[in-house]
Amino acid sequence: MSLVAPVPTSPRSFLAFDFGTKRVGVASGNTLTRTATPLKTVVAEGDARFAALGALISEWQPAALVVGVPYHPDGAPHDNTARAQRFARQLHGRFKLPVHEVDERYSTTEAHAHGASDVDAASAAIILEQFLKDLP
């Protein structure tokens, strides 16, 4: 019998990304509330995109990043699957944070259904909440 209480893990924060070739939706969330909040959509490409995302990472100081990876409804990959996975690898390489990939099928449809004003950021929040829900 142990009288020592388990050491609680401190809450961890995350930034999530809904990747697109022209826009990237961004959301923040944490393990304490297991909720996510849409932040903004970054409309930039190449180095300008990573500079804008780097500024958000510096501001929010997340423990890790989450990237939505799209698949066809039957689970098969398509062109954007590989692009999103490459984006995830680039984030890891540039910012040296753990990057988790989440199946993002239907996140944009769900964001539209909820009447989101910024669909890309709302999709990122849906992706992050799905990730947080699946954590132990």
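This text goes with the structure placed above it.
My aim in this report is to walk through the structure given alongside it, one point at a time. (Residues numbered from 1 in each chain as written. Predicted model: local features only at pLDDT ≥ 70, side-chain atom pairs only at ≥ 80, totals over all residues. Heavy atoms only, no water.)

Some points on the overall build of the protein
Thought 1: What the protein contains, in helices and strands, is four helices and five strands.
Thought 2: In sequence order, the protein lays out its α and β elements as β-β-β-α-β-α-β-α-α.
Thought 3: Whereas a compact globule of 136 residues would reach a radius of gyration of roughly 14 Å, the protein reaches 16 Å, a difference of no more than 12%.
Thought 4: Along the longest, intermediate and shortest principal axes, the C-alpha atoms of the protein span 55 × 35 × 30 Å. (Helix = DSSP H or I, 4+ residues; strand = E, 2+ residues; numbered from the N terminus. Rg over C-alpha atoms; globule rule 2.2 N^0.38 Å.)

Observations concerning the nonpolar core
Thought 1: One finds Leu-15, Phe-17, Val-26, Leu-53, Leu-65, Phe-87 and Leu-91 to be the most contacted residues of the largest nonpolar core, which totals 19 residues.
Thought 2: Looking at this core, the elements that each hand over two or more residues are β1 (13–19), β2 (23–30), α1 (46–60), β4 (64–69) and α2 (79–95).
Thought 3: If sequence neighbours within four positions are ignored, Phe-87 has contacts with Phe-17, Phe-19, Val-24, Arg-49, Phe-50, Leu-53 and Val-67. (Core = buried A, V, L, I, M, F, W, Y, C linked by side-chain atoms within 4.5 Å. Buried < 20%, exposed > 50% of the residue type's maximum accessible area, 1.4 Å probe, protein only. Contact = heavy atoms within 4.5 Å.)

A short note on the packing of α1 against α2
Thought 1: Look at α1 against α2: their axes get within 12 Å of each other, and the N-to-C directions meet at 60°. Classified by the angle between their axes, α1 and α2 sit oblique to one another. Remark: the crossing between α1 and α2 carries right-handed chirality. When α1 is examined against α2, the residues Asp-47, Arg-49, Phe-50, Leu-53, Gly-54 and Ile-57 are found in contact with a partner set consisting of Phe-87, Gln-90, Leu-91, Arg-94 and Phe-95. (Axes fitted to C-alpha atoms, helices over the stretch in contact; angles between N-to-C directions. Parallel < 35°, antiparallel > 145°, perpendicular 65-115°, else oblique. Left-handed = near helix turned anticlockwise from the far one by under 90°.)

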